[in-house]
Amino acid sequence: MTIKLLAIGKTDSKDLQQLITAYSNRLKHYIKFELEIIPDIKNVKHLSEAQQKEKEGELILKKLNPTDILVLLDENGKQFTSIEFSNYLQKKMNSGIKQLVFVIGGPYGFSPSTAQKASGKISLSKMTFSHQMVRLFAIEQLYRAFTILKNEPYHHR
């Protein structure tokens, strides 16, 4: 299985980008992982929130293969402990899917068409984080999940 993380817009902070790269490289020891950045939409000042979500949704949906399983990282999604999340990933791997795609939407969330295509939503916290920080947190939690599955000492139970 491949895990892909899609995100809208580039990471501005060099420090944050270094951490994202470090955890991405760690994660690749366990599973095929890709981080794909979708460029920010231009001229958003002239778009309503709904129009911006729709345009971002079109870009997200274009990145998917027909067999991909899409999961939205969304504040209203299901919350897991790290151990529960590792079990969730194990079930996905056992189901034989080829690619699991997590997506971090834009500032206003997801378009109805993107939400309709998704097989679920996961929330990383009840708190709100910047979209750039969420990338790091998502990748770190993926890495943590695999260390749990491999019974390695990164996660202290």
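Residues numbered from 1 in each chain as written. Predicted model: local features only at pLDDT ≥ 70, side-chain atom pairs only at ≥ 80, totals over all residues. Heavy atoms only, no water.

(A) Examining the sheet that holds strand β1 (residues 2–8) more closely. Pairing is parallel in the open sheet, where five strands are placed in the order β2-β1-β4-β3-β5. Of all strands in the sheet, those with a lone pairing partner are β2 (32–38) and β5 (120–123), marking the two edges. With direction set aside, neighbouring strand axes in the sheet form an average angle of 30°. Sheet contacts for helix α5 (residues 131–149): β1, β2, β3 (69–79) and β4 (99–104); angle to β1, the most-contacted strand, approximately 170°. (Pairing = 2+ DSSP bridges. Helix = DSSP H or I, 4+ residues; strand = E, 2+ residues; numbered from the N terminus. Axes fitted to C-alpha atoms, helices over the stretch in contact; angles between N-to-C directions. Contact = heavy atoms within 4.5 Å.)

(B) Structural detail: the nonpolar core. If you look at the biggest cluster of nonpolar residues, it comprises 27 residues, and the most contacted ones within it are I3, L5, L73, F85, L89, F102 and L142. Contributions of two or more residues to this core are made by β1, α1 (14–27), β3, α3 (82–94), β4 and α5. Residue contributions to this core peak at eight residues, all from α5. Residues L6, I38, I60 and L64 belong to the second largest nonpolar core, which totals 11 residues. (Core = buried A, V, L, I, M, F, W, Y, C linked by side-chain atoms within 4.5 Å. Buried < 20%, exposed > 50% of the residue type's maximum accessible area, 1.4 Å probe, protein only.)

(C) Structural context of the packing of α3 against α5. Where α3 meets α5, the closest approach of the two axes is 8 Å, and the angle between their N-to-C directions is 80°. In terms of axis orientation, α3 runs roughly perpendicular to α5. Mapping the contact onto sequence places S82, I83, F85, S86, L89, Q90 and M93 in α3 and Q141, L142, R144, A145, F146, I148 and L149 in α5. Here the contact of α3 with α5 is composed, by residue class, of nine nonpolar, four polar and one charged. (Parallel < 35°, antiparallel > 145°, perpendicular 65-115°, else oblique. Nonpolar A, V, L, I, M, F, W, Y, C, P; charged D, E, K, R; others polar.)

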